[in-house]
Amino acid sequence: MITKEQIPEVLDHQVYDAEGRKIGEAGHIFLDDVTGEPEWASVRTGLFGTSETFVPIHDAALVGDHLEVPYSKDQVKDAPHVDVDQGGHLSEQEERRLYEYYGIEWGGRGQGAAGQAGTAERGRAAGRAERVGGDDAMTRSEEEMRVGVERHATGRARLRKYVVTENVQRTVPVRHEEVRVEREPITEENIDDAMRGPEISEGEHEVILHEERPVVETEVRPVERVRLTTDERTEEETVSGEVRKERIEEQEETIEDDKRRRRR
């Protein structure tokens, strides 16, 4: 049941049927003269909301940002057209027609003894429902495109270590010994060494020759640390999409055209 406090949340908001289908937009709310509670809502339907029909909201519910009524979309759209007097009231005859159309018992709701209590007084004045809220303006809406980004994986990178063998050349100096004969004359300093041993004899004297050869050894030492990291680059990319916009145009018709349309 819709309360008077919820009326601002209903006006100019969408109305859905019992199966979740959009019927139209709530234009006006009518209060019961006796109880003061919301009883009827006018719903703007058709192209550009040019048609207006009535639906009971005693058993309706406010769901999120829209009104949900326990009737089908076709039933609401095909409801009989009624005229509201200049005071913003439904006449007793017009409201009776609506009650009969929606299968609601005139003067009550036919829901058993509990539902029948106090319905007589309600029935006598039920034909005077007063309109509250709403205006004669039409709301134009349009869609806005909001663009965001989502992050998803595009690939995988890994580090793999393997061993390769290279041929490395280095030049190092190596030394070797060669024999060189030195001769020195007999002097007073070496005469004693020269006179040692027999005067005439045979003999040999040798020296050991040495040389250096390259020796190759390897040792392992760390040379660097390698890791994977990522850098973000920002690029601009253009996206396109479709948005819907409502357009409002003026349509004029004669009184006779309006009467013929209402009779249909």
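One can find the structure itself at the top, above this paragraph.
Residues numbered from 1 in each chain as written. Predicted model: local features only at pLDDT ≥ 70, side-chain atom pairs only at ≥ 80, totals over all residues. Heavy atoms only, no water.

(A) Quick look at the environment of Thr-45. Among the structural elements, Thr-45 can be located in strand β3 (residues 38–45). Accessibility expressed as a relative area gives 6% for Thr-45, which makes it buried. Each C-alpha atom, one on Thr-45 and one on Val-15, is 9.9 Å from the other, the two residues being 30 residues apart in sequence. (Helix = DSSP H or I, 4+ residues; strand = E, 2+ residues; numbered from the N terminus. Buried < 20%, exposed > 50% of the residue type's maximum accessible area, 1.4 Å probe, protein only.)

(B) Here's a closer look at the nonpolar core. Ile-29, Trp-40, Val-55, Leu-67, Val-69 and Tyr-102 are the most contacted members of the largest nonpolar core, which has 28 residues in total. The set of elements that each furnish at least two residues to this core consists of α1 (7–10), β2 (22–32), β3, β4 (51–56) and α3 (92–101). When residues of this core are assigned to their parent elements, the largest contribution, five residues, is made by β2. Excluding residues within four positions of it along the chain, Tyr-102 makes contact with Trp-40, Phe-54, Val-55, Pro-56, Tyr-71, Gln-75, Val-76 and Ala-79. (Core = buried A, V, L, I, M, F, W, Y, C linked by side-chain atoms within 4.5 Å. Contact = heavy atoms within 4.5 Å.)

(C) Local environment of the pattern of salt bridges. Counted under the stated rule, the structure contains twelve salt bridges. When the shortest N-O distance is used, the salt bridge between Glu-211 and Arg-213 registers 3.2 Å. Summarising the burial analysis for this pair, Glu-211 and Arg-213 share the class exposed. (Salt bridge = Lys/Arg side-chain N within 4 Å of Asp/Glu carboxyl O.)

(D) Quick look at a nonpolar patch on the surface. A contiguous nonpolar patch, built from Met-145, Val-147, Val-239 and Val-243 and spanning about 330 Å² of accessible area, is present on the exposed surface. Within the secondary structure layout, Val-239 lies in the loop between α6 (191–194) and α7 (255–263). (Patch = residues over 30% accessible without salt bridge, like charges linked within 9 Å, V, L, I, M, F, W, Y side chains within 5 Å. Areas by Shrake-Rupley, 256 points an atom, 1.4 Å probe, with all protein chains shown as cover.)

(E) Up close: the side chain of Ser-42. Following the sequence through the fold, Ser-42 ends up in strand β3. Polar side-chain contacts of Ser-42 include one of 2.9 Å to the backbone nitrogen of His-28. Excluding anything up to four places from it in sequence, Ser-42 contacts Glu-25, Ala-26, Gly-27, His-28, Phe-30, Glu-52, Thr-53 and Phe-54. (Polar contact = N/O pair within 3.5 Å; in protein donor to acceptor, adjacent residues only side chain to side chain.)

(F) Summary view of α3. Residues of α3 that are buried: Glu-94, Glu-95, Leu-98 and Tyr-99. Here the buried residues of α3 occupy an arc of 140 degrees about the axis, which is enough to place them on one side. In α3, the exposed residues that point more than 90 degrees away from the buried face are Gln-93 and Glu-100. Backbone geometry just after α3 places Gly-103 at a positive phi near 70 degrees. (Arc of directions from axis to C-beta.)

(G) Quick peek at the pairing of β2. In terms of residue burial, β2 counts as a mostly covered element, since ten of its eleven residues are buried. The pairing of strand β1 (residues 14–16) with β2 spans three bridges and is antiparallel. Bridged to Val-15 within β2 is Gly-24. Hairpin geometry of β1 and β2 is characterised by an intervening segment of five residues between the two adjacent antiparallel strands and by a positive phi of about 85 degrees at Gly-20. In terms of strand pairing, β2 meets β3 through six bridges, oriented antiparallel. Paired with Phe-30 across the bridge in β3 is Trp-40. The antiparallel pairing of β2 with β3 creates a hairpin that spans five residues between the two strands, and Gly-36 there sits at a positive phi of about 75 degrees. (Pairing = 2+ DSSP bridges.)

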